[in-house]
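# Structural description and commentary
This is what each chain is made of:
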Amino acid sequence: MKSLKLSQTNDEMPTLGLGTWQAPPDVIESTVLKALDLGYRHIDTAFNYNNEEAIGAAVQKWISDGKGTREDLFITTKLPHVGNRASDVRKFLELQLRRLQMDYVNLYLIHVPFGFFCDPKKLTPIVKSDGEYELDSKTNHVETWKVMEECQKEGLVKNLGVSNFNESQIRNIMQSATLAPQVLQIELHAYFQQRELRDFCTENNIVVTAYAPLGSPGAKDHFVNKYNYSPDVFPDLLGLPIVKEVADNHGKTPAQVLLHFLVKQQIVVIPKSTSEHRLKENMQIYDFEMTDDEMNRLKKLDKGEKGRIFNFLFWKGVEKHPEYPFKLPHTGDLKE
Ligand SMILES: NC(=O)c1ccc[n+]([C@@H]2O[C@H](COP(=O)([O-])OP(=O)(O)OC[C@H]3O[C@@H](n4cnc5c(N)ncnc54)[C@H](OP(=O)(O)O)[C@@H]3O)[C@@H](O)[C@H]2O)c1
C-alpha cells in the first residue's frame, strides 16, 4: 500500500513521507534534495518548524534540475497555533506558500486545536511574565475551517485536515463543513496506537497520518529542561526486544519493523531523518510481510494514553484552553 486515496478529491497520498520537525534550515535543504533523489515524494512541514523556506528552495532546485515536477510531489504544511482563527488563515497560508515558493500545498492541517495570541512582529506566541502562554480562548474551529474551505476552492490547498484533534472536535467540524476533514495527523506508534480514534477515522473516510512513528527518539534531547517534561518518559521503541526479534526474523531493522507495522494497517508514516543512510532505510518498508502473529505481538505493546509523548504541556498553561484536546495525565479528565 504505497498510497492512500483521499476522500472527496481522490488525490493519492503517499503512505511514506519525510518528517521535518527539528531539521534545521541549513540541513533540511540538502536532506530534502537527498530524499527526493532517493524517491520520497511526500514532505511534511509546518509553519512552526521554521524550515518552509529551505524546503521550498530544495523543491525548486529539484524541479529546475529537471528531476521532476510539482505535480509529482505531495506537500503538507500546517496552520500554526498563533494563527488558529478565521481572520488569520489566509495571512498565514499566503505567507507559507511564499516561503515554500509554491502556488498550492497538497494538504493543509490545523496544527493543534487550541490557539495562542500572536506577537505580530515575531509571529510567535505571546508569553506572560509568569511563563504562561496567552491563550486565545475564542478559538472556533468551524469558523477557521470555513476559511480553509474557501482557500481550497481557490486552489491554494488541494486537501484539508486537522492534527492533534480529538473525536468530538472532528465531529464538530464535520457537522458544519462542506468538505469534511480528509486527514487526521496524530501521534501514533507502537506504544500509542490510538485504536478508537483510528476506528472513528476509518468509519468517516479520514486518512490517518502517524507522527513520531519511531517514538520520536530525538525529542528526548529537544525537551530536556522544558517546562513540565521529564526525559524519563521517552520510550525506546527501537530498542525493544520484540521489535528487534521481528526485525531479525525478516533481515530488517527495528525502524523498518515499526514503520511497516503502521503502513500495513493503512496508516501514513512520516519518519524524520537527516541521515542519508536512515532516509534509505526508512523507505525499505514495503518489501516484506510481517506475520499475523508478529502483528498481534506488536499490537500488544499499546499502552493507551500512557504511551503519549506529545501532550503539549511544555506550553505552560495550555491545558486551560477550552480546546485542549487530551486527557490530563494527573486527573484523567478529558477536556473537550
Ligand atoms: N502534528 C504534530 O503536532 C507533529 C508533532 C511531532 C512531529 N510531527 C511530524 O512528524 C514527523 C515525525 O515525528 P518525529 O520527528 O517527532 O519522530 P520520528 O520520526 O519517530 O523520529 C525521528 C528521530 O528518529 C531518528 N531516526 C530516523 N530514522 C531512524 C532509523 N531508521 N533508525 C534510528 N533512528 C532513526 C531521527 O534521527 P536522524 O535525523 O539523526 O536520523 C530522529 O531523531 C516530524 O518530523 C514532523 O514532520 C508532527
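Preceding this paragraph is the structure being described.
Heads up: these notes are all about the structure in this document. Because the structure is predicted, anything quoted here is derived from the model rather than measured.

## Details of the packing of aromatic side chains
In total, this model carries 14 aromatic pairs according to the counting rule given. Aromatic side chains phenylalanine 114 and phenylalanine 116 sit 5.6 Å apart centroid to centroid with 40° between the ring planes, which places their arrangement in the tilted category. Accessibility expressed as a relative area gives 0% for phenylalanine 114, which makes it buried. The class for phenylalanine 116 is buried, based on a relative accessible area of 0%. Aromatic side chains phenylalanine 114 and phenylalanine 312 sit 6.0 Å apart centroid to centroid with 65° between the ring planes, which places their arrangement in the edge-to-face category. Residue phenylalanine 114 is found in the loop between β6 (105-110) and β7 (118-119), and its partner phenylalanine 312 is found in the segment after α11 (292-299); the two are separated by 198 residues along the sequence. The exposure class assigned to phenylalanine 312 is buried, which follows from its relative accessible area of 6%.

## Side note on the side chain of arginine 308
For arginine 308, the position within the fold is in the segment after α11. Classification of arginine 308 by relative accessible area gives buried; the value is 16%. For arginine 308, the side chain forms a polar contact with the side chain of glutamate 305, separated by 2.7 Å. Residues within four places of arginine 308 in sequence aside, it is in contact with Glu187, Phe192, Gln194 and Phe326.

## A few points about helix α3 (residues 86-100)
The terminal C-alpha atoms of α3, which comprises 15 residues, lie 22 Å apart, in line with the 21 Å expected from a rise of 1.5 Å per residue. Within the span of α3, buried status applies to Asp88, Val89, Phe92, Leu93, Leu95, Gln96, Leu97 and Leu100. Turning to α3, the residues buried within the fold contact α2 (52-64), β5 (74-79), β6, β7, α4 (141-153) and β9 (157-163). Positive backbone phi, approximately 55°, marks glutamine 101, located one or two places after α3.

## Side note on the sheet that holds strand β12 (residues 268-269)
With respect to topology, eight strands assemble into an open sheet ordered β3-β4-β5-β6-β9-β10-β11-β12, the strand pairing being parallel. Single-partner strands in this sheet number two, and they are β3 (18-19) and β12. Inspection of the sheet shows strand β10 (residues 183-187) paired to strand β11 (residues 207-211) by five bridges, in the parallel sense. The partner of leucine 184 across the bridge, within β11, is valine 208.

## Section: the site of the ligand
For the ligand, the set of nearby residues contains 30 residues, the closest of which are Asp44, Leu214, Ser216, Ser273 and Arg278. Taking tryptophan 21, its main chain carries an N or O atom lying 2.9 Å from an oxygen atom of the ligand. With respect to the ligand, the side chain of glutamate 281 contributes an N or O atom lying 3.1 Å from a nitrogen atom. Its atoms largely coinciding with the cavity grid, the ligand occupies the largest pocket. The element contributing the most residues to the shell around the ligand is helix α10 (residues 276-283), with three residues. Looking at side-chain class alone, the shell around the ligand contains 13 nonpolar, twelve polar and five charged residues.

## Examining the nonpolar core
Tyr108, Leu184 and Phe312 are the most contacted members of the largest nonpolar core, which totals 101 residues. Counting residues per element, this core draws most heavily on helix α9 (residues 254-263), at seven residues. Once you skip the residues sitting within four places of it in the chain, leucine 184 turns out to touch Val162, Ser163, Asn164, Phe165, Ile170, Leu197, Cys201, Ile206, Val207, Val208 and Thr209. One finds Met13, Leu107, Val207 and Val268 within the second-largest nonpolar core, a separate group that totals nine residues.

Calculation notes
Residues numbered from 1 in each chain as written. Predicted model: local features only at pLDDT ≥ 70, side-chain atom pairs only at ≥ 80, totals over all residues. Heavy atoms only, no water. Phe/Tyr/Trp six-rings, centres within 6.5 Å; stacked < 30°, edge-to-face > 60°. Buried < 20%, exposed > 50% of the residue type's maximum accessible area, 1.4 Å probe, protein only. Helix = DSSP H or I, 4+ residues; strand = E, 2+ residues; numbered from the N terminus. Polar contact = N/O pair within 3.5 Å; in protein donor to acceptor, adjacent residues only side chain to side chain. Contact = heavy atoms within 4.5 Å. Expected span 1.5 Å × (residues − 1). Pairing = 2+ DSSP bridges. Near = heavy atom within 4 Å. 1 Å grid on protein atoms, 1.4 Å probe; cavity = no way out; pocket = protein on both sides within 12 Å on 5 of 7 lines; lining within 4 Å. Sits in = over half its atoms within 2 Å of the grid points. Nonpolar A, V, L, I, M, F, W, Y, C, P; charged D, E, K, R; others polar. Core = buried A, V, L, I, M, F, W, Y, C linked by side-chain atoms within 4.5 Å.

Without other data, these values stay purely geometric and don't point to any function.
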